[in-house]
Amino acid sequence: MNLIKVENYQEMSQRASSIILGLISKKSNPVLGLATGSTPEGMYQCLIKAYEQGDISFKNVTTFNLDEYVGLTKEDANSYHSYMKEKLFNHIDILPDQTHLPDGTARDLQLECVKYEQLIRDAGQVDIQVLGLGLNGHIGFNEPGTPFSSRTHVVELMASTRQANARFFNGLNEVPTQAITMGIETIMESERILLLVSGEKKAPALARLMKGDLSEDFPASILQRHPNVVIITDQHAC
Ligand code: F6R
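This structure is a prediction, so every number in the text was calculated from the model and none was measured.

Undergrad: Any details on the overall build of the protein? Residues and values, ideally.
TA: Within the protein, the regular secondary structure consists of seven helices and ten strands. Against the globule reference of 18 Å for 238 residues, the protein gives a C-alpha radius of gyration of 17 Å, in line with a compact fold. For the C-alpha atoms alone, the extent of the protein along its principal axes is close to 45 × 40 × 35 Å. The 238 residues of the protein split such that 54% are buried. When contacts within the protein are restricted to residue pairs at least 6 apart in sequence, those whose partners lie at least 24 apart make up 78%. Accessible surface, the protein as shown: approximately 10900 Å² in total, 47% of it carbon and sulfur. For the protein, the separation between the mean place of its 21 positive charges and that of its 29 negative charges on side chains is 3 Å.

As C-alpha cells, then:
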C-alpha cells in the first residue's frame, strides 16, 4: 500500500482528483468506482473545477457507486443518488445513463444485487475505486464480520454506522437500517484503489489498517492484499 501524507483536507482532495483526472485523460472509456460521505466531497469539487475550466470532459466516463440505502427513493434528499447528483453529476457533462448506483427501492433486493454485479462485469473492470474509511474499518457498507468473499449484497447497518451518518438526517430514527453495498471481493477486483482518510477521528482506523492483522473483523484490512492501493491521508489522520 502506497501511503501519501499531505498537509490538509484540501491537499488530499487535490491529489485525489489529479489521480482521477490522469486516468480520464489517458483512458478512452474509464470506469470509476465512487464513494459518498464527507471525505470525497472536496475531491468532487476539484473535479467540477477542472471541468468548468475546460480541462476535462466526463462524457466517456462510466461510474459505479459503492452503495445506497435501502428504502430511500432516488429523489430522497438523503439518498446516495441525490448526493451524487448534488456533489458531482449535476455539475459535469457525464451522461446520466453511464452513472450507476444500486436501487434501494427495488422490489427484489437480492435480484438488484445480482443485476448490479452484472452491470459492473459488463463494464469490464473498475479502473479506480475511490473509498472512504469507516471508523470501524468498514469499506462501502461492509461492516466488521463481512466475509472477504462477499459480492454485492444487502447489509444491516451497525448502530455505530447509523450514528455516524445521523448527521445527514433529522435524527437517528430516520437513518435507514439497511443498505445495498458492493461486496469486498467486488471492491478488490478493481484495478486500483484510492483510499481517502481525513481527520483525527480516523487515526485509530488508519493505524489499524497499516499495522494491524488481516481480519474480517476489520474489513479494510483486506486492502493489504490488493496489489495497487494508494492511500492519501492528511496530518490529522496520521
Ligand atoms: C460511502 C461509503 C462509506 C464511507 C465511510 C466514511 O459510500 O461507502 O464506506 O466511505 O463511512 O464516511 P465519511 O467519509 O463520511 O467519513
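Undergrad: Tell me about the nonpolar core, and name the residues and values.
TA: Of all hydrophobic cores here, the largest spans 69 residues; its most connected members are I20, L88, L194, L223 and I232. At six residues, the largest contribution of residues to this core is made by helix α1 (residues 9–26). The residues touching I20, leaving out its near neighbours within four places in the chain, are L32, M43, L47, I128, V130 and L194. V70, A106, L109 and I180 belong to the second-largest nonpolar core, a separate cluster that totals five residues.

Undergrad: Account for the environment of H100, naming residues and giving values.
TA: Within the fold, H100 resides in strand β5 (residues 99–100). Here H100 falls in the buried class, since its relative accessible area comes to 16%. In this structure the C-alpha to C-alpha distance between H100 and L34, which are 66 residues apart in sequence, comes to 9.6 Å.

Undergrad: Before we move on, can you summarise the packing of helix α2 (residues 41–52) against helix α3 (residues 80–87) with the specific residues and values?
TA: Axis separation between α2 and α3 bottoms out at 10 Å; the angle between their running directions is 40°. Relative to α3, the element α2 lies oblique. Taken together, the residues of α3 that come into contact with α2 (itself represented by E41, Y44 and I48) are Y83, M84 and K87. Considering only residue class, the contact of α2 with α3 consists of four nonpolar, no polar and two charged.

Undergrad: Describe in detail the environment of F168, supporting the description with residues and values.
TA: Here F168 shows up in the loop between α5 (159–165) and β8 (178–181). C-alpha of F168 to C-alpha of S38: the two residues are 130 residues apart in sequence and 9.9 Å apart in space.

Undergrad: How would you summarise the site of the ligand if you had to cite specific residues and measurements?
TA: Around the ligand sit 13 residues, and of these T39, D67, H138, G140 and K202 come closest. D67 places a polar side-chain atom, nitrogen or oxygen, 2.5 Å from an oxygen atom of the ligand. In the model, an oxygen atom of the ligand is placed 3.0 Å from a nitrogen or oxygen of the R167 side chain. Within the complex, 92% of the 410 Å² of free accessible area of the ligand lies under protein. The class makeup of the residues in the shell around the ligand is three nonpolar, seven polar and three charged.

Undergrad: If you had to explain α1 to someone new, which residues and values would you point to?
TA: Here α1 spans 26 Å end to end across 18 residues, near enough to the 26 Å set by a 1.5 Å rise per residue. By the burial criterion, the buried members of α1 are M12, S13, A16, S17, I20, L21, L23 and I24. The buried residues of α1 occupy an angular sector of 160° when projected down its axis, which confines them to one face. Turned more than 90 degrees off the buried face of α1, the exposed positions are S25 and K26. On its buried face, α1 sits against β1 (2–6), β2 (31–34), α2, β6 (128–132), β9 (192–197) and β10 (229–234).

Undergrad: Go over helix α4 (residues 109–122) with me, naming the residues and quoting the values.
TA: For α4, spanning 14 residues, the distance from its first C-alpha to its last is 20 Å, which sits close to the expected 20 Å at 1.5 Å a residue. Within the span of α4, buried status applies to L109, E112, C113, Y116, E117 and I120. Buried residues of α4 fall within an arc of 140° about the axis and therefore sit on the same side. Exposed and oriented more than 90 degrees from the buried face of α4 are Q110, V114 and D122.

Scoring rules and cut-offs
- Each chain has its residues counted from 1, following the order in which its sequence is written.
- This being a predicted model, a pLDDT of at least 70 is required before a residue's local features are given, and a value of 80 or more before pairs of side-chain atoms are given or counted; all residues contribute to the totals for chains, interfaces and linings.
- As a rule here, side-chain values come from all non-hydrogen atoms in the structure, and water together with hydrogens is ignored.
- Put simply, DSSP marks the helices as runs of H or I at least four residues long and the strands as runs of E at least two long, and each gets a number from the N terminus on.
- The reference for a compact globule is 2.2 Å times residues^0.38; the radius of gyration itself is calculated from the C-alpha atoms.
- For every residue, the accessible area obtained with a 1.4 Å probe (protein chains only) is divided by the maximum for its type, and the residue is called buried under 20%, exposed over 50%, and partly exposed between those limits.
- Note on contacts: a residue pair is in contact if any heavy atoms of the two residues lie within 4.5 Å.
- Reported accessibility uses the Shrake-Rupley method at a 1.4 Å probe radius. Residues are deemed covered only where the shown protein chains occlude them.
- Charged-residue counts in this description rest on Lys and Arg as positive and Asp and Glu as negative, His and the chain ends being excluded.
- Here the site of a charge means atom NZ of a Lys, CZ of an Arg, CG of an Asp or CD of a Glu.
- What we call a nonpolar core is a set of buried Ala, Val, Leu, Ile, Met, Phe, Trp, Tyr and Cys residues that are connected through their side-chain atoms within 4.5 Å.
- Helix axes are fitted to C-alpha atoms over the stretch in contact, other axes to C-alpha atoms as well, and angles between N-to-C directions run from 0 to 180 degrees.
- When an angle is under 35 degrees it counts as roughly parallel; over 145 it counts as roughly antiparallel; between 65 and 115 it counts as roughly perpendicular; any other value is oblique.
- Amino acids are sorted into nonpolar (Ala, Val, Leu, Ile, Met, Phe, Trp, Tyr, Cys and Pro), charged (Asp, Glu, Lys and Arg) and polar (every other residue, Gly among them).
- What makes a residue near a molecule or strand is one non-hydrogen atom of that residue sitting within 4 Å of it.
- Any pair of N or O atoms that falls within 3.5 Å is considered a polar contact. Within protein, one atom must be able to donate a hydrogen and the other to accept it, and sequence-neighbouring residues count only if both atoms are side-chain atoms.
- Expected helix span is computed as 1.5 Å times (number of residues minus one).
- The directions considered for the arc run from the helix axis to the C-beta atoms.

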